[in-house]
Amino acid sequence: MNDKAWKEQMAQRLTNASAFARFLGMDKTEDTAIAEAEKQFPMAVTPYYASLIRKPYEKDPIFLQCMPGAGELIEATWLTNDPLGELPCSPTPKLVHRYPDRALLLACSECATYCRHCTRKRISGETLPPISDEELAAAIKYLEEHPEIDDLLISGGDPLLLSDEAIDRILSAVTKVKSIKAIRIATRVLVTLPMRITPGLINIFSKYKPIFVNTQFNHPRELTPEALSAASMLIDAGIPVANQFVLLKDVNDTPECVEELCRTLYHNRIRPYYMFQCDLVRGVEHFRTPLSTGINIMDYLRGRLSGMAIPNFCVDIPGLSGKIELLPNYIIEEKPNETILRDNRGRVTSYPSPITTK
Ligand code: SF4
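Residues numbered from 1 in each chain as written. Predicted model: local features only at pLDDT ≥ 70, side-chain atom pairs only at ≥ 80, totals over all residues. Heavy atoms only, no water.

**Thoughts on the sheet that holds strand E5 (residues 211–215)**
Okay, step 1: An order of E1-E2-E3-E4-E5-E6-E7-E8-E9 is seen for the nine strands of this open sheet, with the pairing classed as mixed. The two strands at the open ends of the sheet, each matched to only one other strand, are strand E1 (95–99) and strand E9 (323–325). Geometrically, the sheet is characterised by an average inter-axis angle of 30 degrees between neighbouring strands, direction not taken into account.
Okay, step 2: Two elements, strand E4 (residues 182–186) and E5, share four bridges in a ladder whose sense is parallel. Bridging from a neighbouring strand, Arg184 pairs with Phe212 of E5. (Pairing = 2+ DSSP bridges. Helix = DSSP H or I, 4+ residues; strand = E, 2+ residues; numbered from the N terminus. Axes fitted to C-alpha atoms, helices over the stretch in contact; angles between N-to-C directions.)

Below, the structure written as structure tokens:
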């Protein structure tokens, strides 16, 4: 596969709700809330991703991730444009340094499809140009001056929408920083534009190991033969692929859906890595589930799936310094000589405390 297929998909994207509705053969396209939502947050869907949608549309998990709507206009005091607090942690225009040993390079603000649930709605859009030579040089200088950073995440937007040459230039520059030992690329092209994974791109990645690809399959229906073939190309080339999905109301918030998603990912060598609680970001509130939904899903998965196939359930809370992992509570009571535990089927048992020898 060459660049022609993905570039054609990009050229034929459905970039407003009316075009999207026409593509699907929907009757009604006029709606003031839809118009306002797409005015506030960009809209684009690849024909490939739109072709996965099935009737009834209002219940389709892929349609819900693509179509602007009234839910994006909800306002609440806890919603912000930058819930992860990335802006105050940006020492150079395209670099975020939020954790001591890790940094984030925002390489491109464009995405193949604009997910309605995006945490970086403040960035994702086509208004910002890709990282410039000057911005890349400033980021590299900062990384060289901070050797405690050994892990670089390249994200955006979607960095794999850049040309092969631009990706090669960025990877060449960051791998010259001696302290960078691992590079993670965050991309959703496997889901929305799998034809972007070309032999040419794999050849570039192969020059710069260790590279890891993190993607975001949110629903089993997204795991098409095309998507799995793109993931296989990366994995066969020695590039591990992990999945970080977002728990989304009415899209994937049932235990059965998450089980099928994680099982299929695992069987196809894609590591289910994170299940994220929806962030407290403006425009996404209608997708947010109670924390108990995720905890109950974790309880359901344990014992049904191999530990290799169970993601970590995490929530990112504004003002705190990182993700909080949430787990079901298996401890019923702690006593001096024993702890009373339950398993995921509700069976209760006693675990004896160690004998004290001193
Ligand atoms: S691909 Fe990623 S950055 Fe782009 S809109 Fe979707 S979630 Fe946001």
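Continuing now.
**A short note on the sheet that holds strand E11 (residues 338–342)**
Strand pairing within a sheet occurs via backbone hydrogen bonds; the two strands may be parallel or antiparallel.
Okay, step 1: Strand order in the open sheet formed by three strands is E10-E11-E12, and the pairing between neighbours is antiparallel. The open sheet has two edge strands, strand E10 (331–334) and strand E12 (348–352), and neither has a second partner. The mean inter-strand angle of the sheet, taken between neighbouring strand axes irrespective of direction, is 20 degrees.

**Brief notes about the packing of aromatic side chains**
Centre-to-centre distance and the angle between the planes together describe a pair of aromatic rings.
Okay, step 1: Inspection of every chain in the model, using the stated rule, returns four aromatic pairs.
Okay, step 2: Relative to Phe63, the ring of Phe20 lies with its centre 5.7 Å away and its plane at 15 degrees, an arrangement referred to as stacked. On the criterion of sequence distance, the pair formed by Phe20 in helix H2 (residues 17–24) and Phe63 in helix H5 (residues 61–66) is long-range, its members being 43 residues apart.
Okay, step 3: Residue classification places Phe20 among the buried residues on the basis of a relative accessible area of 0%.
Okay, step 4: Between Tyr57 and Phe63, the aromatic rings sit 5.8 Å apart at their centres with planes inclined by 25 degrees, giving stacked as the arrangement.
Okay, step 5: These aromatic residues form a ring-pair network of at least three members: Phe20, Tyr57 and Phe63.
Okay, step 6: One cation-aromatic arrangement involves Arg102 over Tyr99; the distance from NZ or CZ to the ring centre is 4.4 Å.
Okay, step 7: Seen from the ring of Phe41, Lys121 lies directly overhead, with NZ or CZ sitting 4.0 Å from the centre. (Phe/Tyr/Trp six-rings, centres within 6.5 Å; stacked < 30°, edge-to-face > 60°. Buried < 20%, exposed > 50% of the residue type's maximum accessible area, 1.4 Å probe, protein only. Lys NZ or Arg CZ within 6 Å of the ring centre and 35° of its normal.)

**Brief notes about the domain arrangement of the protein**
Okay, step 1: Looking at the assigned domains, one finds that the protein contains domain 1 (75–325) and domain 2 (328–358).
Okay, step 2: Taken residue by residue, the interface counts five residues in domain 1 and four residues in domain 2.
Okay, step 3: Taking both sides of the interface into account, the surface hidden between domain 1 and domain 2 amounts to around 380 Å²; carbon and sulfur atoms contribute 45%.
Okay, step 4: On the domain 1 side of the interface with domain 2, the three residues burying the most area are Ile295, Asp299 and Arg302, jointly 83% of the side's total.
Okay, step 5: The interface formed by domain 1 and domain 2 includes one salt bridge.
Okay, step 6: The salt bridge partner of Arg342 is Asp299, with a shortest N-O separation of 3.2 Å.
Okay, step 7: Seen at the junction of domain 1 and domain 2, the total is three residue pairs in polar contact (both at pLDDT 80 or more).
Okay, step 8: Across the side of domain 1 that touches domain 2, the residue classes tally to two nonpolar, one polar and two charged. (Domains from an automatic or database assignment. Contact = heavy atoms within 4.5 Å. Buried area = accessible area lost by both parts, 1.4 Å probe. Salt bridge = Lys/Arg side-chain N within 4 Å of Asp/Glu carboxyl O. Polar contact = N/O pair within 3.5 Å; in protein donor to acceptor, adjacent residues only side chain to side chain. Nonpolar A, V, L, I, M, F, W, Y, C, P; charged D, E, K, R; others polar.)

**Here we look at unusual backbone geometry**
Okay, step 1: Between Lys55 and the following residue, Pro56, the backbone shows a cis peptide bond with an omega angle of -5 degrees.
Okay, step 2: Look at the link from Gly156 to Gly157: it is a cis peptide, with omega at 20 degrees.
Okay, step 3: One can find Gly157 in the loop between strand E3 (151–156) and helix H7 (164–175).
Okay, step 4: Here Asp250, not a glycine, exhibits a phi torsion of approximately 70 degrees, which is positive.
Okay, step 5: Following the sequence through the fold, Asp250 ends up in the loop between strand E6 (241–246) and helix H11 (255–267).

**Observations concerning empty space enclosed by the protein**
A probe matching the size of a water molecule, rolled over the atoms, marks out where space remains unfilled.
Okay, step 1: One pass over the full model with this rule turns up one cavity of 30 Å³ or more.
Okay, step 2: In this model, the largest cavity occupies a volume close to 50 Å³.
Okay, step 3: Together, Ile154, Pro159, Leu160, Leu162, Ile167, Ile170, Leu171 and Ile185 line the largest cavity.
Okay, step 4: The element best represented in the lining of the largest cavity is H7, accounting for three residues.
Okay, step 5: Grouping the amino acids of the lining of the largest cavity by side-chain chemistry returns eight nonpolar, no polar and no charged. (1 Å grid on protein atoms, 1.4 Å probe; cavity = no way out; pocket = protein on both sides within 12 Å on 5 of 7 lines; lining within 4 Å. Points joined across faces, edges and corners; volume = space filled by probe spheres on them.)

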